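Secondary and tertiary structure notes
Next come the chains, spelled out residue by residue.
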Amino acid sequence: MNRDLFIYDSYQRQHVRLEPIHDDAIGMYVCGPTVYSDVHLGNCRTFVSFDVIYRYLLALGYKVRYVRNITDVGHLEGDADEGEDKVSKKARIEKLEPMEVVQRYMNGFHHMMNVFNTLPPSIEPRATGHIVEQIEMVKKILANGFAYERNGSVYFNTQKLIQEREEYGKLSGKIMDDLINESRTLKNQDEKDHPADFAIWIKADERHLMHWPSPWSEGFPGWHLECSAMSTKYLGETFDIHGGGYDLKFPHHENEIAQNIGCFHHTPAKYWLHANMLLLNGKKMSKSDGNTISPGQLFTGESKFITKSYSPMVIRFFMLQTHYRSTLDLTDDALQAAEKGFKRLIEATKAVSNLSTNESALNTDLNKEIDQIIDSIYSEMNDDFNSPKALAAVFDLVTRINSFKDGHTNVNQLSKDTLSRLQSEIKIWVHEIFGLKNEDATTSGEGSKLNGVMQLLIDLRAQARAKKDFSTSDKIRDGLASVKIQLKDSKEGTSWSNE
RNA sequence: GGUCGGGUGGCCGAGCGGUCAGGCAGAGGUCUGCAAAACCUUGUACAGCGGUUCGAAUCCGCUUUCGACCUCCA
């Protein structure tokens with residue numbers, strides 16, 4: 001197994017070789033969603049990106065513990081620490097229990113992750129289930145002198161961290177002097193010693209529906225604290241990979257690093273990975289100016305930004321055609337192109353199973369070429385999970401498979417070993433690593449019935465064609481076309497596919 | 001205003017010092033009863049202006065433009 005994997009670490013700002021802390025096991029923490037509304041399509045891209053990373057690490061034979069949290073308390077509205085808790089607010093407005101809000105949107109999130117065929121994480125901890133751990137962490141940070149209490153709330157002392165460790169701001173590229181000086185004029189009315197300080201425990205006012213007892217007040221944990229507490233609990237004080245969206249770099253990840261240093265005197269993760277944003281027609285998605293589209297709208301086609309509906313796997317394929325660290329521009333044209341490309345990929349993945357060789361025309365050069373292409377898929381992916389390049393190599397195989405299938409290239413040039421490697425590797429890549437599944441219904445019970453019906457029609461049409469009864473054969477083909485089933489004639493007979 | 005990251009052919013997107021990205025669309029061809037599918041061949045590119053280099057899409061500087069985060073303003 002080729003584990004010569006290089007990744008781009010946002011913290012060091014360079015490509016580095018992935019060297020896990022423990023030889024065969026990797027701990028990976030990815031910041032999950034705050035469940036106070038429907039999943040955003042941009043979130044889906046982030047989680048699909050990390051899903052492919054997770055799947056690839058598994059394919060390399062690593063034992064991966066993938067922890068992705070659910071934020072169900074503590075994420076406040078607005079920038080400041082005095083905003084209202086997002087979940088709490090939604091619950092108040094809709095007159096629901098906070099946990100009803102959480103459950104509803106968490107279910108929706110899980111459903112969408114399933115629709116996009118992402119693997120569930122190994123552990124999916126919730127912030128509200130780890131209040132005790134968070135309180136313990138606040139105690140430690142206080143004991144270490146990196147936090148102070150004001151009227152029942154506890155704040156992290158960023159200035160002390162800057163002075164003693166020259167650390168705060170490193171991940172996000174903030175300049176410490178700016179953090180010290182520029183923000184000094186703002187919001188002096190609150191109880192923090194310094195505007196850059198942030199709350200790790202917040203005293204609940206009467207509006208807050210969710211609160212817990214603590215040594216400082218009846219309150220709730222700050223948003224950033226949950227990730228520090230839960231990653232430590234499940235992955236240890238130091239683990240391999242910490243991931244999340246680019247927009248979480250500051251303040252969320254920066255504050256997380258601060259908390260871990262304040263508590264354990266070192267940063268939590270060896271490597272930081274950040275997935276880039278999804279744009280719509282060249283602009284960021286924003287609900288306020290209407291430049292937004294939901295996964296549901298994509299699947300139904302009900303949006304002014306698209307001309308038709310697109311299936312989840314087409315969207316997933318579309319996402320994989322771009323590197324996870326690049327912004328991705330969603331447009332109708334691009335989706336249409338992705339749809340056709342995806343279809344060709346899936347058709348070839350199915351067709352490869354039917355190939356067989358008798359080795360009567362062995363061609364060592366060709367066998368070597370196929371082997372090299374397969375190896376290159378791995379080496380492309382080893383370059384910071386370069387899925388677009390890996391896909392390009394897979395398409396090289398697609399062309400060759402189709403050529404064998406049509407008889408343009410003699411399949412008997414292949415050795416049995418090469419063919420079986422080709423057959424298994426393309427399925428590993430398409431289905432297991434890229435997580436793309438065949439969306440045809442042919443594998444289900446109804447599907448196999450349909451297969452029988454289709455075979456009958458194909459046979460009848462073949463008979464008609466043999467008798468040069470083209471009006472009958474065309475009637476069958478056109479009739480099927482009108483229900484979106486396409487017939488494809490080839491030397492080896494007729495096959496069919498949806499759309 | 002600050003920090004960081006981008007501007008690649010008709011569209012989306014890799015590449016980041018010298019060699020083919022890839023997908024989709026376009027053109028020509030093969031196969032086919034006709035189609036479709038598939039295969040083969042093929043054109044058009046690196047925001048602009050300077051500089052470094054034997055050689056730059058790739059490095060440096062400036063200009064312009066876009067995005068993210070922060071800030072400001074509301």
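Position numbers for residues count from 1 along each chain, tracking the sequence in the order it is written. Lettering for chains starts from A, numbering for ligands starts from 1, and both go in the order in which the items are written. Only residues with pLDDT of 70 or above have their local features reported here, since the model is predicted, and side-chain atom pairs are shown and tallied only from 80 upward, although totals for entire chains, interfaces and linings are computed over all residues. The side-chain values count all of the structure's non-hydrogen atoms but skip hydrogen atoms and water molecules.

1. Observations regarding the overall build of chain A
For the record, the criterion: Helix and strand definitions here come from DSSP, where helices need a minimum of 4 consecutive H or I residues and strands a minimum of 2 consecutive E residues; each element is numbered from the N-terminal end. Partly exposed describes any residue whose relative accessible area lies between the buried limit of under 20% and the exposed limit of over 50%, with all areas from a 1.4 Å probe on protein chains only and scaled to the type maximum. What makes two residues a contact is simply this: any of their non-hydrogen atoms within 4.5 Å. A 1.4 Å probe and the Shrake-Rupley method give the accessible areas. Residues count as covered only by the protein chains that appear here.
Looking only at helices and strands, chain A has 16 helices and 15 strands in total. Every one of the 499 residues in chain A was classed for burial, and the buried ones make up 52%. In chain A, the proportion of contacts linking residues at least 24 apart, taken out of those at least 6 apart, comes to 74%. For chain A, the computed accessible surface area is about 22,600 Å², with 49% contributed by carbon and sulfur atoms.

2. Looking at the pairing of strand β6 (residues 153–156)
We apply this condition: Between any two strands, pairing holds if DSSP finds at least two bridges.
The alternating pattern of β6 places Ser-153 and Tyr-155 and Val-154 and Phe-156 on opposite faces, both of which are buried. Pairing of strand β5 (residues 147–150) with β6 involves four bridges; the strand directions are antiparallel. Among the inter-strand pairings, Tyr-148 is bridged to a residue of β6, identified as Tyr-155. The loop that links β5 with its antiparallel partner β6 comprises two residues; one of these, Asn-151, has a positive phi angle of about 50 degrees. Relative to strand β7 (residues 198–203), β6 is paired through three bridges, and the arrangement is antiparallel. Bridge pairing links Phe-156 to Phe-198 in β7.

3. Focus on the pattern of salt bridges
Our working definition: By convention in these notes, a salt bridge is any Lys or Arg side-chain nitrogen within 4 Å of a carboxyl oxygen on Asp or Glu.
Applying the stated criterion across every chain, the model contains 24 salt bridges. Three or more residues joined by partner-sharing salt bridges are found here, namely Asp-51, Arg-55 and Arg-316.

4. Some thoughts on the environment of Asn-410
Applicable threshold: What qualifies as a polar contact is a pair of N or O atoms within 3.5 Å, subject to a donor-acceptor requirement within protein and to the restriction that residues adjacent in sequence count only when both atoms come from side chains.
Here Asn-410 shows up in the loop between α13 (387–406) and α14 (416–433). Looking at Asn-410, the relative accessible area reads 36%, which means it is partly exposed. Considered as a pair, Asn-410 and Glu-359 are 51 residues apart in the sequence and their alpha carbons are 10.0 Å apart. When sequence neighbours within four positions are dropped, the list of residues in contact with Asn-410 reads Ala-361 and Phe-404. Polar side-chain contacts of Asn-410 include one of 2.9 Å to the backbone nitrogen of Asn-412.

5. Quick notes on the sheet that holds β5
The pairing of strands in a sheet happens through backbone hydrogen bonds and is either parallel or antiparallel. To keep it simple, the criterion reads: For every element, the axis is a line fit to its C-alpha atoms; helices are fit only across the contacting stretch, and the angle between N-to-C directions ranges from 0 to 180 degrees.
Ordered by their spatial adjacency, four strands build an open sheet running β5-β6-β7-β8, and the pairing between neighbours is antiparallel. Because the sheet does not close on itself, it has two edges, and the strands there are β5 and β8 (219–221). Adjacent strand axes in the sheet meet at a mean angle of 20 degrees when their direction is disregarded. Relative to β8, β7 runs antiparallel, the two being bridged by three bridges. Counterpart to Ile-202 in the pairing with β8 is Phe-220.

6. Concerning unusual backbone geometry
Cis rather than trans, the peptide bond between Phe-250 and Pro-251 has omega equal to 0 degrees. Turning to its location among the elements, Pro-251 is positioned in helix α8 (residues 249–264). Of note in this structure, Glu-359 is not a glycine but carries a positive phi near 60 degrees. Position of Glu-359 relative to the elements: it lies in the loop between α11 (332–351) and α12 (364–381). A positive phi angle, near 55 degrees, is found at Asp-384, a position not held by glycine. Along the polypeptide, Asp-384 turns up in the loop between α12 and α13.

7. What about the confidence of the model for chain A?
A low pLDDT score tells you not to read the predicted coordinates there in detail. Here is the rule we go by: One confidence number per residue, pLDDT, is output by the predictor and ranges from 0 to 100.
With 92% of its residues at a pLDDT of 70 or more, chain A has an overall mean of 88. Across residues 182–189 the pLDDT falls below 50, and counting only partners more than four positions away or on other chains, this stretch makes nine contacts in the model. Here the predicted complex scores 0.92 on pTM and 0.92 on ipTM.

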